[in-house]
Amino acid sequence: MEFGNFGLVVAGLVVGFIVGMTGVGGGSLMTPILLWFGVNPATAVGTDLLYAAITKSSGVLVHRKNKNIDWAITGWLTLGSVPAVALTLWFLSTLQTSPDAMNAVIKQALGFVLFATALAIFFKKRLLDFAHKRAGGHYNPSGPRLNALTVITGLVLGTMVALTSIGAGALGTVALFILYPMLPTRRLVGTEIAHAVPLTLVAGLGHASMGNMDWHILGYLLVGSLPGIYLGSHLTGRISDELLRPCLATMLVLIGYKLAF
């Protein structure tokens, strides 16, 4: 195996291990790694989207078996995210005649979404505390208003994911915690994963149709990531969350700064 291919397997193993241990979305780690390997931004995003769809599919099966998915919430999110993906892909297709412009837009968006993801990771506990306090306060939307807010959340997530492959994990989970503070954590996480699979699959296939895909790279990433996720999931809780989250957040801020500026 060539060194480059071996490096992709190792990258998949490391990202899979971190995702399995911390639950942090793989896109926020994998896409910057692919850029570091010299993959152009559009191809990195397209490849990572299908990588995410495949690796998260097994999670949906497990959460479905354990009845951890609220299909109504998943449906409202999808109602916003899929049209947003279609519009974003159409926008990117208008830039196909100018690959440099497309890559510049994607890199800029990547930088800012990585910043947002880092903040979501770093302040996750405070955001959760806010959500729980809000559950007992006066502002507690429900019915059509809550459904509308969920569709808008899907719209934002769909745009971010189609542009950068990032956002469905850390940002999606935090958004759901704020919108549905009374829902058990396991159901919120299961619902986010159930929404992320069709979202990343549709966005990934859209990028593939534009040629923004490297099947060779995808195969090597999967070879490493599947055992990595398995190993990481068995070490969950062994390393202090208070140590892991600041380290991950700092790393994402540095990568985001480099990409955005």
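Residues numbered from 1 in each chain as written. Predicted model: local features only at pLDDT ≥ 70, side-chain atom pairs only at ≥ 80, totals over all residues. Heavy atoms only, no water.

Explain the overall build of the chain to me, please; I cannot follow it from the model alone.
Counting its regular elements, the chain contains 11 helices and 0 strands. Counting from the amino terminus, helix and strand elements in the chain follow one another as α-α-α-α-α-α-α-α-α-α-α. Split into buried and exposed, the 261 residues of the chain put 51% on the buried side. Once local pairs closer than 6 in sequence are excluded, the contacts in the chain between residues at least 24 apart make up 83%. Of the roughly 12600 Å² that the chain leaves accessible, carbon and sulfur atoms contribute 69%. (Helix = DSSP H or I, 4+ residues; strand = E, 2+ residues; numbered from the N terminus. Buried < 20%, exposed > 50% of the residue type's maximum accessible area, 1.4 Å probe, protein only. Contact = heavy atoms within 4.5 Å. Areas by Shrake-Rupley, 256 points an atom, 1.4 Å probe, with all protein chains shown as cover.)

What is the right way to read the environment of Gly-7 from this model?
As for its placement among the helices and strands, Gly-7 is situated in helix H1 (residues 3-22). In the structure, Gly-7 is positioned 217 residues away from Gly-224 in sequence and 9.7 Å away in space, judged by C-alpha atoms.

Whenever I open this one, the UniProt feature "transmembrane region" (unreviewed entry) in the chain confuses me. Can you help?
Mapped onto this numbering, the UniProt entry annotates "transmembrane region" (unreviewed entry) at residues 6-26, 33-53, 73-92, 104-123, 148-181 and 217-236. For residues 148-181, the end-to-end C-alpha separation is 16 Å, with 79% helix and 0% strand making up the annotated structure. (UniProt positions renumbered as here; feature names shortened; annotations may be inferred.)

In this structure, what is going on with the pattern of salt bridges? I would like to understand it.
It is possible for side chains bearing opposite charge to pair when their charged atoms get close. Per the stated rule, a full pass over the model turns up 1 salt bridge. The shortest N-O distance in the salt bridge between Asp-70 and Arg-187 comes to 3.7 Å. Pair noted here: Asp-70 is in the loop between helix H3 (41-65) and helix H4 (71-93) and Arg-187 is in helix H9 (residues 185-209), with a separation of 117 residues, a long-range link. Here the two residues Asp-70 and Arg-187 agree in accessibility, since each one is buried. (Salt bridge = Lys/Arg side-chain N within 4 Å of Asp/Glu carboxyl O.)

Sorry, what's going on with the nonpolar core here?
The nonpolar side chains of a soluble globular protein tend to be buried, and buried together. In terms of nonpolar packing, the biggest core is built from 47 residues, with Leu-34, Tyr-51, Ile-106 and Leu-221 touching the most fellow members. Tyr-51 has contacts with Gly-12, Val-15, Gly-16, Met-30, Leu-218, Leu-221, Leu-222 and Ser-225, leaving out every residue within four places of it along the chain. (Core = buried A, V, L, I, M, F, W, Y, C linked by side-chain atoms within 4.5 Å.)

Explain the packing of aromatic side chains here, please?
Geometry of an aromatic ring pair is reported as the spacing of the ring centres plus the angle between the planes. If you walk through the whole model with that rule in mind, you get 1 aromatic pair. Judged by centre distance (5.4 Å) and plane angle (85°), the ring pair of Trp-36 and Phe-37 falls under edge-to-face. Judged by relative accessible area, Phe-37 falls into the partly exposed class, the value being 30%. (Phe/Tyr/Trp six-rings, centres within 6.5 Å; stacked < 30°, edge-to-face > 60°.)

Teacher, can you tell me more about unusual backbone geometry here?
Among all residues except glycine, the phi angle is most often negative; among peptide bonds, the trans geometry is most common. Phi is positive for Ser-165, which is not a glycine, with a value near 70°. Structurally, Ser-165 can be placed in the loop between helix H7 (143-164) and helix H8 (170-179). For Ser-165, a relative accessible area of 7% puts it in the buried group.

I'm lost on the side chain of His-195 in this one. Help?
Along the chain, His-195 turns up in helix H9. His-195 has contacts with Thr-74, Leu-77, Thr-78, Ser-81 and Leu-157, leaving out every residue within four places of it along the chain.

Explain the side chain of Asn-5 here, please?
By the element assignment, Asn-5 lies in helix H1. Among the residues examined, Asn-5 registers a relative accessible area of 11% and is labelled buried. Contacts of Asn-5, omitting those with residues within four sequence positions, involve His-216 and Tyr-220.

How should the environment of Leu-176 be read in this particular structure?
Relative to the elements of secondary structure, Leu-176 occurs in helix H8. Setting aside anything within four residues of it in sequence, one finds Leu-176 in contact with Ile-73, Leu-77, Leu-188, Thr-191 and Glu-192.

Help me out: how do you make sense of the packing of H3 against helix H5 (residues 99-122) in this one?
When two helices pack together, their arrangement is given by the angle between their axes and by how far apart the axes lie. Where H3 meets H5, the closest approach of the two axes is 8 Å, and the angle between their N-to-C directions is 60°. Comparing the axis directions of H3 and H5 gives the class oblique. Where H3 approaches H5, its residues Pro-41, Ala-42 and Val-45 are matched on the opposing element by Met-102, Asn-103, Ile-106 and Lys-107. A per-class count over the contact of H3 with H5 returns 5 nonpolar, 1 polar and 1 charged. (Axes fitted to C-alpha atoms, helices over the stretch in contact; angles between N-to-C directions. Parallel < 35°, antiparallel > 145°, perpendicular 65-115°, else oblique. Nonpolar A, V, L, I, M, F, W, Y, C, P; charged D, E, K, R; others polar.)

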